Amino acid sequence: MSTIDEYLQVNAGRREDELFELLRIPSISADPGSRPAIRRAADWLLEHFIKMGLAAELISTKGHPLVLAESPHVAGAPTVLVYGHYDVQPPEPLDKWTTPPFEPTIRDGAVYARGAADDKGQVLTHMKSVEAWLDVEGGLPVNLKFLIEGEEEVGSANLEEFVRQNTKRLACDCVVVSDSCQFSPGRPAITCGLRGIVYYELRLRGPKRDLHSGSFGGSVANPANALTRMLSALIDERGRIQVPGFYDDAVPLADEERRQFADLQFDDRAYLEELDIDAVAGEEGYTTLERRWARPTFDICGLTSGYQGEGAKTILPSTASAKLSFRLVPDQDPEKITAGLKKILADVCPPGIRMELIDFQGSPGLMVSPENPYVRAAARAIEYGFGTPPVYIREGGSIPVVSTFAQSLGADILLLGWGQNDDNTHSPNEKFSLADFHRATRASAKLWEELGKVQ
Ligand code: BES
Ligand code: ZN
């Protein structure tokens, strides 16, 4: 590896420049106005793969294009699929950014930009390690396929379909995903579980127009009042979700795993300080890490109704709506959760209110056994790149297509997150440590060698 390491060192500055180039493209998947930028990001990756010496193509979908690239075939070596996403979350609120979201800026050893950690910087570590192998060695010790999508932040619906219909083309022994976090600075991790998600918009309609709350109030159901009552029926004071059947299929935390989590010595006090809150909260009987990684949740992600302007306006609003997410653990089934939610909402919806529930696509949770040869190979590569062996964690976030990879391709999953929990993903001032960017690229280069040895 010494010549590859040398190459990585000599070219570190160029790699940063290339990362910044990609970060300048505002590829916001949720925003219809960003289609040209989405296309530019996909083209940037395509050209990059071709320049590196991979066979690559753009694949159109009903939504944003996929980028698929393949390395030259090596007989007898395992096949690895690298998955990531080039789309990013909307940058709003813009006034909270210290420097503009699509003008990457270095501060305190990190690059600040939307998509820096989620997921452009992480995707690039694998592309650049492959480039190093091809430039230095002229070939790779594994067969690599890259599948980089543009719709992860909006649920990956089109990719899911593509994966199900192209299992031969995507066939592989394991899937590498770097779209999550290390445990903490200096403690790289292998992630052995992701939560799933179901997401809804609940819309309530009352009278056909906003009404004077004096003239009409008390005689007509108020959609905002109804919404708050309905939402509070979904969870009790102990943090238990009231959707019928919600916990039926949830795999409980094993004692062994609870001990492993406890061994990580998560510091609740530092957590409170970092978030500027005075208490943690959640389901009774669980620690913070257990609540974040291995228990299902209900959160209101957005809430809209009535008068939002300055001062007072006495109305009874005509509509009210909320965006709702439930994070799921294995083996909760998104469809069963939707059925249960419809039932409880219908039960608690008061007369005089019409209800509509919009179901965004859901995905189940996932667990990976740490006892598999790919995980052990990845652990060696991480130790090489980061100078310390990984800890084993779960993550509370969701990467919807990953369980489809596991099911449809029958492949083992390697979740190797290079980010940090304070990278401000989905928030203003997203960042990615440049030291981690380079360490992870070195670990990735080693990963191909280690995976190549797995029989
Ligand atoms: N990179 C995240 C997922 C993630 C975040 C994993 C933190 C582990 C820790 C990913 O890009 C993401 O944000 N996914 C969405 C999926 C949703 C839009 C369906 C999520 O988790 O909210
Ligand atoms: Zn994200």
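Reading guide: rules and limits
- Along every chain, residues carry numbers that run from 1 in the direction the sequence is written.
- Here every chain gets a letter starting at A, and every ligand a number starting at 1, in the order they are written.
- Owing to the predicted nature of the model, reporting of local features is limited to residues with pLDDT of at least 70; listing and counting of side-chain atom pairs is limited to 80 or more, with chain, interface and lining totals taken over all residues.
- Where side-chain values are given, they derive from all heavy atoms of the structure, hydrogens and water being excluded.
- Strands are runs of DSSP state E lasting at least 2 residues, helices are runs of H or I lasting at least 4, and numbering of each runs from the N terminus.
- Radius of gyration here is computed from C-alpha atoms only, and the compact-globule reference equals 2.2 Å multiplied by the residue count raised to the power 0.38.
- Relative accessibility decides the category of a residue: with a 1.4 Å probe and only protein chains considered, values under 20% of the type maximum give buried, values over 50% give exposed, and everything between is partly exposed.
- Contact between two residues is taken to exist if any of their heavy atoms lie within 4.5 Å; hydrogens are not considered.
- Calculation of accessible area relied on Shrake-Rupley with a 1.4 Å probe; when residues are assessed, cover is drawn exclusively from the protein chains displayed.
- The charge count treats Lys and Arg as positive and Asp and Glu as negative. His and the chain ends do not count.
- Here the site of a charge means atom NZ of a Lys, CZ of an Arg, CG of an Asp or CD of a Glu.
- Throughout, the term near means that a residue has one or more heavy atoms lying within 4 Å of the molecule or strand in question.
- Within 3.5 Å is the distance limit for a polar contact, defined as a pair of N or O atoms, with the added protein rule that one can donate a hydrogen and the other accept it, and that residues adjacent in sequence qualify only through two side-chain atoms.
- Side-chain classes are defined by residue name, with Ala, Val, Leu, Ile, Met, Phe, Trp, Tyr, Cys and Pro counting as nonpolar, Asp, Glu, Lys and Arg as charged, and the others, Gly among them, as polar.
- An automatic or database domain assignment supplies the residue ranges for each domain.
- By buried area we mean how much accessible surface two parts lose on assembly, using a 1.4 Å probe and totalling the loss over both.
- Joining through side-chain atoms within 4.5 Å is the link that ties buried Ala, Val, Leu, Ile, Met, Phe, Trp, Tyr and Cys residues into a set, and such a set is a nonpolar core.
- Cysteine sulfur atoms are paired as a disulfide whenever they fall within 2.5 Å.
- When DSSP finds two or more bridges between two strands, those strands count as paired.
- In this analysis, axes come from line fits to C-alpha atoms, helices being fitted only over the stretch in contact, and the angle between any two N-to-C directions falls in the range 0 to 180 degrees.

**Describing the overall build of the protein**
When its secondary structure is counted, the protein shows 13 helices and 19 strands. Rg of the C-alpha trace for the protein: 23 Å, near the compact-globule value of 23 Å for 455 residues, within the 12% margin. Taken along its principal axes, the extent of the C-alpha atoms in the protein is 80 × 50 × 45 Å. Looking at the protein residue by residue over its 455 residues, the buried ones come to 55%. Counting only contacts in the protein whose residues sit at least 6 apart along the sequence, the fraction spanning at least 24 positions is 79%. Total accessible area on the protein is roughly 20,100 Å²; 48% of this is exposed by carbon and sulfur atoms. Separation between the mean location of the 47 positive side-chain charges and that of the 66 negative ones in the protein comes to 4 Å.

**Focus: the site of ligand 1**
Around ligand 1 sit 14 residues in total, of which E152, D179, R327, S398 and H426 are the nearest. Here an oxygen atom of ligand 1 sits 3.2 Å away from a polar atom, N or O, in the side chain of H85. At 2.8 Å from an oxygen atom of ligand 1 is found a side-chain nitrogen or oxygen belonging to H426. In the complex, the protein chains occlude 84% of the 510 Å² of accessible area that ligand 1 would expose alone. Partitioned by chemical class, the residues of the shell around ligand 1 number three nonpolar, five polar and six charged.

**Notes on the domain arrangement of the protein**
Here the protein is described as being made up of domain 1 (2-194 + 365-452) and domain 2 (196-250 + 296-363). Taken over C-alpha atoms, the centre of domain 1 sits 36 Å from the centre of domain 2. Across the boundary between the two partners, domain 1 contributes 13 residues, which contact eight residues of domain 2. Contact between domain 1 and domain 2 buries roughly 690 Å² in total, counting both sides, with carbon and sulfur atoms accounting for 49%. Three residues, G365, S398 and P400, lead the burial of domain 1 against domain 2; their summed loss comes to 52% of the area buried on that side. On inspection of domain 1 and its partner domain 2, the count reaches two residue pairs in polar contact (both at pLDDT 80 or more). Split into classes, the residues belonging to the side of domain 1 that touches domain 2 amount to five nonpolar, six polar and two charged.

**Regarding the nonpolar core**
The biggest cluster of nonpolar side chains holds 87 residues, and the ones touching the most others in it are F49, F146, F405, L414, W448 and L451. Residue contacts for L414: discarding those within four places in its chain leaves C174, V175, V176, V177, Y374, V375, A378, L447 and L451. Counting residues in each nonpolar core, the second largest holds 26 residues, with L227, L234, L328 and L357 among its members.

**Some remarks on unusual backbone geometry**
Put simply, E92 and P93 share a cis peptide bond, and its omega is 5 degrees. Phi at D108 is positive, roughly 45 degrees, even though this residue is not glycine. Note that D108 resides in the loop between β4 (105-107) and β5 (110-112). In this structure D108 comes out as exposed when scored by relative accessible area, which is 80%.

**Concerning the state of the cysteines**
Within this structure, the stated rule accounts for zero disulfides. The thiol of C174 is not disulfide-bonded; the next cysteine sulfur, from C172, is found 6.9 Å away. Residue C174 is classed as buried on the basis of its relative accessible area of 1%.

**Concerning the environment of H212**
By the element assignment, H212 lies in strand β11 (residues 211-212). Put simply, H212 and T314 are 102 residues apart on the chain and 6.3 Å apart in space, counted from C-alpha to C-alpha. Look past the residues within four positions of H212 in its chain and what remains in contact with it is G217 and T314. At 2.8 Å, the side chain of H212 and the backbone nitrogen of G214 are in polar contact. A polar atom in the side chain of H212 sits 3.1 Å from the backbone nitrogen of S215.

**Here we look at the environment of D299**
Following the sequence through the fold, D299 ends up in strand β12 (residues 297-305). Using a relative accessible area of 42% as the deciding quantity, one classes D299 as partly exposed. Once the C-alpha coordinates of D299 and A406 are considered, the two residues, 107 residues apart in sequence, prove to be 27 Å apart. Ignoring anything within four residues of it in the chain, the contact list for D299 reads K323, L324 and S325.

**Regarding the pairing of strand β7 (residues 174-177)**
Judged by which residues are buried, β7 turns out to be covered on both faces: C174 and V176 on one side and V175 and V177 on the other are all buried. With four bridges connecting them, strand β3 (residues 79-85) and β7 associate as parallel partners. Bridge assignment links V82 to a residue of β7, and that residue is V176. Judged from the four bridges that link them, β7 and strand β18 (residues 412-415) form a sheet pairing that is parallel. Counterpart to V176 in the pairing with β18 is L414.

**Let's talk about the pairing of strand β2 (residues 66-70)**
Buried residues dominate β2, accounting for four of its five residues. Alignment of strand β1 (residues 55-59) against β2, held across five bridges, turns out to be antiparallel. Across the sheet, the residue bridging to A55 is E70, located in β2. Where β1 hands over to β2, the hairpin turn is made up of six residues, counted between the paired strands. In the sheet, β2 pairs with strand β6 (residues 143-149) via four bridges, with the strands oriented antiparallel.

**Some details on the sheet that holds β4**
Picture the strands of a sheet paired through backbone hydrogen bonds; they go either parallel or antiparallel. If you walk across this open sheet you meet the three strands as β4-β5-β19, and the pairing is antiparallel. This sheet does not close on itself; its edge strands, each paired only once, are β4 and β19 (431-433). Along the sheet, successive strands turn relative to each other by an average axial angle of 30 degrees, direction set aside. Summarising the sheet, β5 and β19 pair through three bridges and their orientation is antiparallel. Bridged to A110 within β19 is S433.

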